[in-house]
Amino acid sequence: MEEKQNESKSSSMKITRRRFLVSSALMVTSAALAACGINLGGGATTGGATIQPEGNQAKETASESPKAANLEPTPACGSPEEMTPAVTEGPYFTPNSPEKSSLLEQGMKGSKLTLVGYVISTTCKPVAHALLDFWQADADGQYDNKGFTLRGHQYTDDKGKFTLETIVPGLYPGRTRHIHVKVQAPNGQVLTSQLFFPNEAGNAKDGIYNKALLMDIKNNADGSQSGAYQFVVKV
């Protein structure tokens, strides 16, 4: 059963404060956060680098590599187009997944990926106790449709932060590499979306791919990867 479905893509990508945050390649300054009107503080240390709140996507070059030097003046925070785009759920969602922030299991194949991010509102406020439900293919591109392997949900902390430990998914036939997610602020609407990997050959041919959903990915010396993404939802 093919997962590929036609989805309309964003016709234009404006540079926003949240996209500015991701252009810092997993590290942002407190000044950038202050410009957004919030102080999320902290950050998670992964592979020696401190990961601070990251934005959806900076202005990109042809190779999908964000560079802060290319930033345009940032508009006021809270424009409707700044919300994280919704895309198709696909055929393999399973409800009632277990609550866990690590999808890793003993003996699981694949390269480890640690994704750190935030859920914020269109007014730049952190969304505490937001639900995030992740599911994905294994290293061979297969989904577990009988159990809950590589499936799990979690909630953001008081600063809107989440951390997901998983593996880099294999390629599902007809699709580029991706991770599925549902995001819901308390008493809010469910956002169904997918996260994509930069510099994947299949991105340009995938009808669901949207560059606004690119994670910021860093390759670590131990062969693992660190990722960052910031979801923007209406509260």
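Preceding block: the structure.
Structure report, in brief. Small disclaimer: the values here were computed from a predicted structure and weren't measured.

## As for the overall build of the protein
Phase 1: Helices and strands together make up the secondary structure of the protein, namely 2 helices and 10 strands.
Phase 2: Counting only residues that meet the buried cut, the protein has 50% of its 235 residues in that class.
Phase 3: In the protein, once contacts between residues fewer than 6 apart in sequence are set aside, the share between residues at least 24 apart is 74%.
Phase 4: Here the protein has roughly 10700 Å² of accessible surface; of this, 49% comes from carbon and sulfur atoms.

## Overview of the packing of aromatic side chains
Phase 1: Using the criterion set out here, one finds 8 aromatic pairs in the structure.
Phase 2: By way of ring pairs, the aromatic residues Phe-134, Phe-162, Tyr-229 and Phe-231 are connected into one cluster.
Phase 3: Looking at Lys-182, its charged tip hangs above the ring of Phe-93, at a distance of 4.8 Å from the centre.

## Digging into the pairing of strand S5 (residues 151-155)
Phase 1: In terms of burial, S5 is largely enclosed, as 4 of its 5 residues are buried.
Phase 2: As paired elements, strand S4 (residues 131-135) and S5 share 5 bridges and run antiparallel to each other. Looking at the pairing, Leu-132 lines up with Gln-154 of S5.

## Quick look at the sheet that holds S4
Phase 1: Taken in spatial order, the 4 strands of this open sheet run S5-S4-S7-S8, and their pairing is antiparallel. Sheet topology places S5 and strand S8 (190-196) at the edges, where each strand pairs with a single neighbour. Neighbouring strand axes in the sheet, compared pairwise and without regard to direction, differ in orientation by 20° on average.
Phase 2: Relative to strand S7 (residues 178-184), S4 is paired through 5 bridges, and the arrangement is antiparallel. Paired with Leu-131 across the strands is Gln-184, a residue of S7.

The rules behind each value
Residues numbered from 1 in each chain as written. Predicted model: local features only at pLDDT ≥ 70, side-chain atom pairs only at ≥ 80, totals over all residues. Heavy atoms only, no water. Helix = DSSP H or I, 4+ residues; strand = E, 2+ residues; numbered from the N terminus. Buried < 20%, exposed > 50% of the residue type's maximum accessible area, 1.4 Å probe, protein only. Contact = heavy atoms within 4.5 Å. Areas by Shrake-Rupley, 256 points an atom, 1.4 Å probe, with all protein chains shown as cover. Phe/Tyr/Trp six-rings, centres within 6.5 Å; stacked < 30°, edge-to-face > 60°. Lys NZ or Arg CZ within 6 Å of the ring centre and 35° of its normal. Pairing = 2+ DSSP bridges. Axes fitted to C-alpha atoms, helices over the stretch in contact; angles between N-to-C directions.

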